[in-house]
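# Observations on the model geometry
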Amino acid sequence: MMGKKRDTKRTVKCLGYLISVLTTLCFFACIAAIPIAIHYAKNKEGYVAEAEIPAPAEKVYRAAVSLAEERAPEVKILKRDDEKLLLEVTDDIQKASLKADPITPESTGVIIKADVPKVEGKEKEYEKEQEKELALRILKNLCTKLNVRCTVTNK
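The structure reproduced in this document is the subject of the present report. From a predicted model like this one, the values you see are computed outputs, not experimental measurements.

We now examine the environment of Ile 103. In this structure, Ile 103 sits in strand 5 (residues 95-104). For Ile 103, a relative accessible area of 47% corresponds to the partly exposed category. Sequence separation between Ile 103 and Glu 52 is 51 residues; the distance between their C-alpha atoms is 8.4 Å. Look past the residues within four positions of Ile 103 in its chain and what remains in contact with it is Glu 52, Thr 108 and Gly 109.

As a further point, take the nonpolar core. Ranked by size, the top nonpolar core spans 35 residues in total, and within it Ile 53, Leu 87, Leu 98, Val 110, Ile 112, Leu 139 and Leu 142 carry the most contacts. When residues of this core are traced back to their parent elements, those giving at least two are strand 1 (36-42), strand 2 (46-53), helix 2 (57-70), strand 4 (86-90), strand 5, strand 6 (107-115) and helix 4 (134-145). In terms of residues, this core owes the most to one element, helix 2, which gives eight residues. In contact with Val 110, other than residues within four places in its own chain, are Ala 49, Glu 50, Ala 51, Ile 53, Val 60, Leu 98, Lys 99, Leu 139 and Leu 142.

The seven strands are arranged 3-4-5-6-2-1-7 in an open sheet whose pairing can be described as mixed. Among the strands making up the open sheet, the edge pair consists of strand 3 (76-81) and strand 7 (150-154). The average angle at which neighbouring strand axes cross in this sheet is 20 degrees, direction not considered. Two strands pair when backbone bridges link them, and strand 1 and strand 7 are joined in this way by five bridges, in the parallel orientation. Paired with Ile 38 across the bridge in strand 7 is Val 152.

Conventions and cut-offs
- Residues numbered from 1 in each chain as written.
- Predicted model: local features only at pLDDT ≥ 70, side-chain atom pairs only at ≥ 80, totals over all residues.
- Heavy atoms only, no water.
- Helix = DSSP H or I, 4+ residues; strand = E, 2+ residues; numbered from the N terminus.
- Buried < 20%, exposed > 50% of the residue type's maximum accessible area, 1.4 Å probe, protein only.
- Contact = heavy atoms within 4.5 Å.
- Core = buried A, V, L, I, M, F, W, Y, C linked by side-chain atoms within 4.5 Å.
- Pairing = 2+ DSSP bridges.
- Axes fitted to C-alpha atoms, helices over the stretch in contact; angles between N-to-C directions.

No statement about biological role is implied by the geometric values presented.
Here it is, written out as structure tokens:
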């Protein structure tokens, strides 16, 4: 009789641990499913796209450099500062700068600023079809390269 009670208690205890582990895994899966918000805005000077990406700053910066190099000759690197994690590029219509700022060892603030296009008619086109605008394209491509889901929120 005493052995059966002990086995029952052990079984209940194991089930409790199993339920706790499954609940924790479900919680983390829900967090991973939440997309990163890209804050996107236009002001007099140009366009700004910002996001906090859950990856080390060096990894985010290397991914940005790799994207620029992969898209050559359409995208040209104008300036590259590996120490400051700063990259400046152009697509011959707009010029954009990317800065990767470490927030924590596993989280990076990314800000991309792009000028207003100098080509006639491009500014109005970008207002209608914002996915063509350089700052936003860079950040969306960066999210894709780092396997991070991102959604755009206009400021």
